[in-house]
Each structure stands twice: as structure tokens, then as C-alpha cells.
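Listed below are the residues making up each chain.
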Amino acid sequence: MTKLPLYYSKAIIFGEKPQKDVITKINSATVTLLELEGKVFAVTCSHVLEGYRQTLLENEDAFFQIGDARIDLESQLVDESQKYDLATLLLNEAQLKKILNTEEIGSRVIRPSVWPPTKISVEDRILIGGFPGKLRDRVAFDEVLFKSFSTAGISVASVDEEKFGCLFEREYWNNAGGGEQAIYPTELGGMSGGPAFVDRGQHFEFVGIIYQHSESLDIMLFRHACLIGNDGTIMD
């Protein structure tokens with residue numbers, strides 16, 4: 001159950017073109033893979049795309065990819081909302097083949113039987129996952145290894161029409177990974193765009209997208225998944 005959100009998410013990486021003799025700057029985040037009406041979308045945050053655009057202004061050779069698939073932001077962007085900090089990208093079959101793999105993590109696409117999903121309620125318990133930058137390893141000048149993070153059973157503390165939030169309670173927090181890979185609730189940057197699921201009894205329903213994490217308050221904020229329309233556009 002804890003792993004489930006990671007089945008449907010993938011790491012984004014963007015930055016300067018790799019060079020053998022130079023340490024180039026890279027950044028990372030997360031996407032959620034969602035199929036609606038036969039089209040597969042990568043759902044992430046607007047601020048992630050803004051980070052890439054800023055890098056592109058500074059370096060025209062900058063790249064943006066999901067897993068092993070290079071993405072053309074100009075042609076593949078379906079919709080973007082700065083208000084909700086959401087963005088959707090349309091993936092083609094060749095890219096999807098590169099993104100999905102035979103391993104468990106990042107191997108599936110969310111295919112909801114009903115859309116939009118039911119909104120979350122206070123005290124619902126959710127499952128979340130993503131790829132924190134702290135767990136990113138640069139193993140070669142042109143190769144990055146992403147370790148993932150997920151957890152289950154976090155209670156929803158607040159809900160409104162645009163978002164919901166969860167609070168990490170430090171007294172109940174157990175370090176994940178152990179040793180050098182130990183990770184704390186203050187070190188989850190890079191999970192923006194990751195999915196949130198809720199247990200509906202007969203199934204796990206995709207209900208939200210991570211868009212903000214407050215390190216000082218141990219609060220994680222999510223946009224409602226129902227803000228995304230059947231065609232991948234983001235509702236006003």
C-alpha cells in the first residue's frame with residue numbers, strides 16, 4: 001500500500017546539458033501519469049515548468065525530460081495554471097514506452113473508471129509518493145539515479161475548494177531509509193507533482209497532486225485532482 005503512489009509517478013529532471021569535464025546544474029521534481037479519454041497526461045506543477053524556463057533563458061541547451069524521455073514543452077503543454085500551480089503535458093506512445101519500465105516504480109498509468117474523482121474530506125487518510133531531491137544521486141556526468149519516497153496513512157487536516165493539506169506529526173515520524181539515506185519531513189523538496197490516493201474501500205482513488213511543502217511547519221499541500229478536466233485542461 002505504501003508503494004502504490006510510486007507505481008504511477010516518475011521523476012522529472014531538467015537543467016544544463018551534461019558535459020564530461022564540467023559539473024552542470026540540474027533540478028528535479030515529480031509527475032503523475034494519468035489517462036483520460038484515451039490520452040496519457042503527465043501532471044505536475046506550474047512552478048516546475050517555470051524553473052525549466054528560467055534555466056532555458058540562461059542556457060539554450062537546457063533539457064527537460066520525464067524518466068528517459070525528452071519532452072518538448074512548447075508542443076506538449078496542454079494547459080497550465082499559475083493560480084492552482086498545476087500543468088498537464090500530453091505524452092505520445094514513443095515517450096510513454098520510454099517512461100514506463102518493467103520495474104514496479106513508474107510502471108503504470110492511472111486509468112480512473114470515473115472522472116472527476118470525489119473530493120477529499122477532513123480525516124481521510126491518504127497515500128503519497130514522489131522523488132525528493134535529497135535522494136537524487138549523480139552517478140555519472142550524464143546519469144542520475146532517483147531513489148523514491150512514499151508513505152501511507154497521513155490524515156487530511158484541512159480542505160477547501162482549491163486545496164487540501166496534511167500535517168506531519170513529528171512525534172509519530174519514523175526515519176525512512178536509515179543511515180545516510182534517512183529522510184525527515186523537512187527534506188521532501190522535489191515531490192511537487194506527486195500523486196495522493198485515498199482508500200475508498202473497494203479501490204484506491206487518485207484525489208490530489210502535491211504542490212507545496214512547508215519545511216518549517218511540516219505541512220504538505222495538495223491540489224484537488226478534480227481540477228483537471230477530461231481533456232487535460234485545468235478548470236478556472
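Below is a short write-up of the structure. (Residues numbered from 1 in each chain as written. Predicted model: local features only at pLDDT ≥ 70, side-chain atom pairs only at ≥ 80, totals over all residues. Heavy atoms only, no water.)

### Notes on unusual backbone geometry
Phase 1: At the junction of W115 and P116, the peptide bond is cis and its omega measures out at 5° in the coordinates.
Phase 2: Along the chain, P116 turns up in the loop between α4 (93–99) and β8 (125–130).
Phase 3: Even without being a glycine, D85 presents a positive backbone phi close to 55°.
Phase 4: Mapped onto the elements, D85 comes out in the loop between β6 (77–81) and β7 (86–90).
Phase 5: For D85, a relative accessible area of 13% gives the class buried. (Helix = DSSP H or I, 4+ residues; strand = E, 2+ residues; numbered from the N terminus. Buried < 20%, exposed > 50% of the residue type's maximum accessible area, 1.4 Å probe, protein only.)

### Comments concerning the packing of aromatic side chains
Phase 1: Enumeration according to the criterion identifies eight aromatic pairs in this entry.
Phase 2: Note on Y52 and F64: the rings are 5.2 Å apart at their centroids and 65° apart in plane angle, and the pair reads as edge-to-face. Here the residue Y52 occupies a position in helix α2 (residues 46–58), and F64 occupies one in strand β4 (residues 63–66), the gap between them amounting to twelve residues. You'll find Y52 and F64 in the same group, each marked buried.
Phase 3: When the ring of W115 is compared with that of F206, the centres are 6.1 Å apart and the planes differ by 25°; the resulting orientation is stacked. Here the residue W115 occupies a position in the loop between α4 and β8, and F206 occupies one in strand β14 (residues 204–214), the gap between them amounting to 91 residues. Judged on exposure class, the residue W115 and its partner F206 are both buried.
Phase 4: Members of the aromatic cluster, joined through ring pairs, are Y7, Y8, W115, F197 and F206.
Phase 5: It is R108 that lies over the ring of Y7; its NZ or CZ is 4.0 Å from the centre. (Phe/Tyr/Trp six-rings, centres within 6.5 Å; stacked < 30°, edge-to-face > 60°. Lys NZ or Arg CZ within 6 Å of the ring centre and 35° of its normal.)

### A short note on the nonpolar core
Phase 1: Within the largest apolar cluster, 25 residues are counted, with the highest numbers of intra-cluster contacts made by I12, F64, I66, L89 and L91.
Phase 2: Of all the secondary-structure elements, those providing two or more residues to this core are β1 (9–15), β2 (26–36), β3 (39–44), α2, β4, β7 and α4.
Phase 3: Residue contacts for L91: discarding those within four places in its chain leaves L33, V40, A42, I66, I71, Q76, L96 and I99.
Phase 4: L4, L34, I209 and A225 belong to the second-largest nonpolar core, a separate cluster that totals 19 residues. (Core = buried A, V, L, I, M, F, W, Y, C linked by side-chain atoms within 4.5 Å. Contact = heavy atoms within 4.5 Å.)

### With respect to the sheet that holds strand β5 (residues 69–70)
Phase 1: Read from one edge of the open sheet, seven strands run β5-β4-β1-β2-β3-β7-β6, paired in antiparallel fashion. Edge positions in the open sheet fall to β5 and β6, since each of these has one partner strand only.
Phase 2: Here four bridges tie β3 to β7, and the two strands are oriented antiparallel to one another. When the sheet's bridge partners are listed, F41 is paired in β7 with L90.
Phase 3: Contacts between α2 and the sheet are confined to β1, β2, β3, β4, β6 and β7, with β6 contributing the most and set at about 110° to the helix. (Pairing = 2+ DSSP bridges. Axes fitted to C-alpha atoms, helices over the stretch in contact; angles between N-to-C directions.)

### Quick look at the pairing of β6
Phase 1: Across four bridges, the pairing between β6 and β7 is antiparallel. Looking across to β7, one finds that D79 is bridged to T88.

### Points about α2
Phase 1: For α2, which comprises 13 residues, the first-to-last C-alpha distance of 19 Å matches the rise-based estimate of 18 Å (1.5 Å per residue) to within 8%.
Phase 2: Considered for burial, the residues of α2 that qualify are S46, V48, L49, Y52 and T55. (Expected span 1.5 Å × (residues − 1).)

Honestly, that's just the spatial picture; any functional story needs more than this.
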